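Descriptive analysis of the structure
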Amino acid sequence: MLAAFLGFELIRKVSPLLHTPLMSLTNAIASISVVGAIILSGEKDASTLTRVLGFIAIVSATVNLVSGYMITDRMLKMFKKREPSGK
Amino acid sequence: MSVYQFLYILAAFGFILGLKWMSSPATSRRGVLTAEAGMLVAIIGTLLRGDIVNYETIGIAVVLGAIIGAPIAIFMPMTGVPQRTAISQACGALASALIGTAEYYKLKPHGFTMGALIVETLLGFLTVTASVMAWGKLQEVLPGRPVMYKGQFFVNMATLSAAIVIGIMIVLNPERSELYPWFVVLALTFGVFLILPIGGADMPTVIALLNSYAGLSSCAMGFALNNKLLIIAGALDGSSGFILSVIMCRAMNRSFANVLFGGFGQVQSSAGGGKEGRPVRSASAEEAAQILETAGSVVIIPGYGMAVAQAQHKIRELADALTKKGVDVRFAIHPVAGRMPGHMNVLLAEADVSYDKLIEMEDINPEMPMTDVALIVGANDIVNPAAETDPGSPIAGMPILAAYKARTVMVIKRSMGVGFAGIDNDLYYRPNTIMLFGDAKAFTTSLIKELAAA
């Protein structure tokens, strides 16, 4: 609950200018589920089913994670002020 | 407190700080780095837990995921960002749905944990298919128009209720694993049904909403696994997605339910007919260039058409050429222009437009009457005055960019065709409007040429 409230407060401050990068960042944060996947599939007594599902889960969560972070950074790199021509 | 718990707190802190720094373009890159570091710490922390043994498998999976993910990020053109987000969301949701499934078959937990598990998998699976559908519509593999049929609302609700009922049955009696596949199928089906009636113009809202679902799914997983980090990160994601979709809805003056069940563009009745033969003023690139050149201030209003034509670089050149001639050029950004929140900002930033030239709707509208030329590039519904004047219009009440208040309005457009809302735009017939027919990129190029020649 606290986190949700905090999230609310944080997002409201973000200017519409950055909504797309913001979304791809939170999108990447959603891949925190990789933690769950690791916990589950990494256990000693994991069954084959768990391992197979866990494996797929880790792969797809990492896809989300890596592409999410990288593209967010790529986008933000482009947001810069052009000092000489501005104002 | 063990090491991994400490690292988890550190990671959560990283995410929160990262999001906080996202609030300004100046600090945003630092924000991403912080969030990345947070994720790294979280993963390391997890690997350090004593009960993890299968390092090889995990390693292989992570490397495989990175190999697939990195090229997506590097080679995806900026116009494809909405699609990428959708597909990436599908991956994330798939992960959490599969984890939920694995947990279920392994533990068959009871009570609260089982409830959280069902929520996790329900949201996870429906987000998977819904995201794939959204991707299909954005990529135009699937028709972007809303697919509607009679009784659709009923069918959708029935599917969802059936999934929920079966879910509750499983929660009450976790041993009945024969029910689980049905639950999965229903959740997946509902995801498809959810997106079917939603049109292209509503995609920004839907993507934000799905983002929220994916986050909530992670959050529920956190409750199921009793993992605080998952709860925090999931809740952050869930609330941010939710806020964004609310902002989007407000920008279109439509309720949440309306977007989800509405099927835009089907309700039109009052607008439309009887407007065929109205006179339209059009002009050549040469004439348009002259008008632009003599203007004191120009506001460029980009829309999805600019993205489709990949015209953002040419638009920037045009803006540069005009600035050089002493014209004050700015860009007006409508909150729902494009296919995802902030889509236009990203495209213009890619084209190297300084972000202090990108003005939000509320700030630019009062200045519109003082503007000499409003140049509309591939935008339609977001500048349609019908939203303010015609209460019968499907977009009535939607806040618009008041381009029509500018002294001269120029519209670069392929044809007189309608926008995503499927309604005629009164703006095109106004006496101060000049239509510039042609492909956004090609036309802008000839404008630049004319300006250089002049």
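Residues numbered from 1 in each chain as written. Chains lettered and ligands numbered in written order. Predicted model: local features only at pLDDT ≥ 70, side-chain atom pairs only at ≥ 80, totals over all residues.

With that settled, the discussion passes to the overall build of chain B. When helices and strands are tallied, chain B shows 17 helices and six strands. Within chain B, the fraction of its 454 residues that count as buried is 57%. The contacts of chain B with a sequence gap of at least 6 include a subset with a gap of at least 24, amounting to 79%. (Helix = DSSP H or I, 4+ residues; strand = E, 2+ residues; numbered from the N terminus. Buried ≥ 20, exposed ≤ 12 C-beta atoms within 10 Å, placed from the backbone. Contact = placed C-beta atoms within 7 Å.)

Tallying secondary structure elements over chain A gives four helices and zero strands in all. Across chain A, helices and strands are ordered from the amino to the carboxyl terminus as α-α-α-α.

Residue and element names in this part refer to chain B. Reading across from one edge, S3-S2-S1-S4-S5-S6 is the order of the six strands in this open sheet, with parallel pairing throughout. A single partner strand is all that each edge strand has here, and the edge strands are strand S3 (358-360) and strand S6 (433-437). Taken pair by pair, the neighbouring strands of this sheet meet at an average axis angle of 25°, ignoring direction. Of the strand pairs in this sheet, strand S1 (residues 297-302) and strand S4 (residues 373-377) are connected by five bridges, and their pairing is parallel. Bridge pairing in S4 links Ile-300 to Leu-375. Helix H13 (residues 312-324) contacts S1, strand S2 (328-333) and S4 of the sheet and is inclined by roughly 175° relative to S1. Against the sheet, helix H14 (residues 343-350) touches S1, S2 and S3, its axis set at about 145° to S2. (Pairing = 2+ DSSP bridges. Axes fitted to C-alpha atoms, helices over the stretch in contact; angles between N-to-C directions.)

Below, the discussion takes up the pairing of S2(B). Residues and elements named next belong to chain B. As judged from the four bridges shared by S1 and S2, these two strands associate in the parallel manner. By the bridge assignment, Val-298 is partnered in S2 with Val-329. Alignment of S2 against S3, held across three bridges, turns out to be parallel. In the strand pairing of S3, Ala-332 is matched with Ile-359.

Residue and element names in this part refer to chain B. At Asn-226, a residue that is not glycine, the phi angle is positive and equals roughly 55°. Here Asn-226 is to be found in the loop between helix H8 (203-225) and helix H9 (228-252). Given 11 C-beta atoms within 10 Å, Asn-226 falls into the exposed group.

The next thing to look at is the nonpolar core. Of all hydrophobic cores here, the largest spans 186 residues; its most connected members are Ile58(A), Ala134(B), Ile301(B), Ile376(B), Val377(B) and Ala403(B). A per-element tally of this core places helix H5 (residues 111-138) of chain B first, with 16 residues. When residues of this core are assigned to domains, at least three map to each of domain 1 (76-261) and domain 2 (285-453) of chain B. Those residues in contact with Ile58(A), other than ones at most four positions away along the chain, are Val34(A), Ala37(A), Ile38(A), Ser41(A), Ile58(B), Ala61(B), Val62(B) and Gly65(B). (Core = buried A, V, L, I, M, F, W, Y, C linked by C-beta atoms within 7 Å. Domains from an automatic or database assignment.)

Another point: the interface of chain A and chain B. Taken together, the contacts link 73 residues of chain A with 91 residues of chain B. Elements with a contribution of two residues or more to the side of chain A that touches chain B: helix H1 (2-13), helix H2 (19-29), helix H3 (33-42) and helix H4 (48-78) of chain A. For the side of chain A that touches chain B, the element with the highest residue contribution is H4(A), accounting for 28 residues. Here the residues of the side of chain A that touches chain B are counted per class, giving 41 nonpolar, 23 polar and nine charged. (Nonpolar A, V, L, I, M, F, W, Y, C, P; charged D, E, K, R; others polar.)

Turning to H3(A), a few remarks are in order. Burial analysis of H3(A) places ten of its ten residues in the buried class, the great majority of the element. The complete set of buried residues in H3(A) reads Ser33(A), Val34(A), Val35(A), Gly36(A), Ala37(A), Ile38(A), Ile39(A), Leu40(A), Ser41(A) and Gly42(A).

This brings us to the confidence of the model for chain B. Per-residue confidence for chain B averages 79 on the pLDDT scale, and 88% of its residues sit at or above 70. Scored by ipTM, the complex comes to 0.78, with pTM at 0.76. (pLDDT = per-residue confidence, 0-100.)

Bringing the environment of Ala319(B) into the picture now. Residue and element names in this part refer to chain B. Along the chain, Ala-319 falls in helix H13. For the pair formed by Ala-319 and Ile-9, sequence separation is 310 residues and the distance between their alpha carbons is 47 Å. Leaving out residues up to four positions away in the same chain, Ala-319 has contacts with Ile-300, Val-329 and Val-353.

Here the focus is the packing of helix H11 (residues 285-294) of chain B against helix H17 (residues 440-453) of chain B. All names here are of chain B. With their axes 9 Å apart at the nearest point, H11 and H17 run at an angle of 65° to one another. Crossing angle aside, the handedness with which H11 passes H17 is right-handed. Mapping the contact onto sequence places Ala-285, Glu-286, Ala-288, Ala-289 and Glu-293 in H11 and Phe-443, Ser-446, Leu-447, Glu-450 and Leu-451 in H17. Taken together, the residues that form the contact of H11 with H17 break down as six nonpolar, one polar and three charged. (Left-handed = near helix turned anticlockwise from the far one by under 90°.)

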